[in-house]
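Tertiary structure, described
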Amino acid sequence: VGSGVASETISVLLDGVPLVVEPDLSRDRILVELPVTTAPGRHELVVMCADEAGNELAGVIVLECREEPEGP
């Protein structure tokens, strides 16, 4: 209780490939930008971190990316 997330431990993988993550812990969030080369379809975003006490946590978010429709 009260140990907080250790921002240096936060890492994110998209389909097993590391992404750049921007911790925004003051707002209880992290920011991740998907690569423009991400293909349409199902993808897994794995988020891993630890708190200041060393307790580790990992979670999986399943994303469904869709193609953007062609112009008007």
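Residues numbered from 1 in each chain as written. Predicted model: local features only at pLDDT ≥ 70, side-chain atom pairs only at ≥ 80, totals over all residues. Heavy atoms only, no water.

A few words on the overall build of the protein chain. Along the protein chain, the regular secondary structure elements total zero helices and six strands. Along the protein chain, helices (α) and strands (β) appear in the sequence β-β-β-β-β-β when read from the amino end. For 72 residues, the compact-globule estimate of 2.2 N^0.38 gives 11 Å, and the protein chain exceeds it by more than 25% at 15 Å. With the principal axes as the frame, the protein chain shows a C-alpha extent of 50 × 25 × 15 Å. Summarising the internal contacts of the protein chain: among those between residues at least 6 apart in sequence, 42% fall at separations of at least 24. Accessible area for the protein chain stands at about 5,600 Å²; split by element, carbon and sulfur atoms hold 54% of it. Computing the positive centroid from 4 side-chain charges and the negative centroid from 14, the protein chain places the two 7 Å apart. (Helix = DSSP H or I, 4+ residues; strand = E, 2+ residues; numbered from the N terminus. Rg over C-alpha atoms; globule rule 2.2 N^0.38 Å. Contact = heavy atoms within 4.5 Å. Areas by Shrake-Rupley, 256 points an atom, 1.4 Å probe, with all protein chains shown as cover. Lys, Arg positive; Asp, Glu negative; His and termini not counted. Charge placed at Lys NZ, Arg CZ, Asp CG, Glu CD.)

Turning next to the pattern of salt bridges. Here the idea is simple: oppositely charged side chains can pair when their charged atoms come close. Taken as a whole, this structure holds three salt bridges when the rule is applied. One salt bridge in this structure joins Glu44 and Arg42, with 3.7 Å as the shortest N-O distance. (Salt bridge = Lys/Arg side-chain N within 4 Å of Asp/Glu carboxyl O.)

Of note, Asp15 is a non-glycine position whose phi angle comes to about 50°, a positive value. With respect to the helices and strands, the residue Asp15 is situated in the loop between β1 (11-14) and β2 (17-19). The phi dihedral of Asp28 falls on the positive side, at around 55°, and the residue is not glycine. By secondary structure assignment, the location of Asp28 is in the loop between β3 (21-24) and β4 (29-32). Look at Asp28 and you get exposed, because its relative accessible area is 74%. (Buried < 20%, exposed > 50% of the residue type's maximum accessible area, 1.4 Å probe, protein only.)

A few words now on the pairing of strand β6 (residues 56-65). Remember that side chains alternate between the two faces of the sheet whenever the strand is regular. With respect to burial, β6 is a largely exposed element, only one of its ten residues being buried. Both strand β5 (residues 41-50) and β6 contribute to a ladder of ten bridges, which runs antiparallel. Within the sheet, the bridge partner assigned to Cys49 lies in β6 and is Leu57. Here β5 folds back onto β6, and the loop between the two strands holds five residues, one of which, Gly54, carries a positive phi near 95°. (Pairing = 2+ DSSP bridges.)

Secondary-structure assignment places His43 in strand β5. Separated by 2.5 Å, the side chains of His43 and Asp15 make a polar contact. At 2.6 Å, the side chain of His43 forms a polar contact with the backbone oxygen of Ala39. (Polar contact = N/O pair within 3.5 Å; in protein donor to acceptor, adjacent residues only side chain to side chain.)

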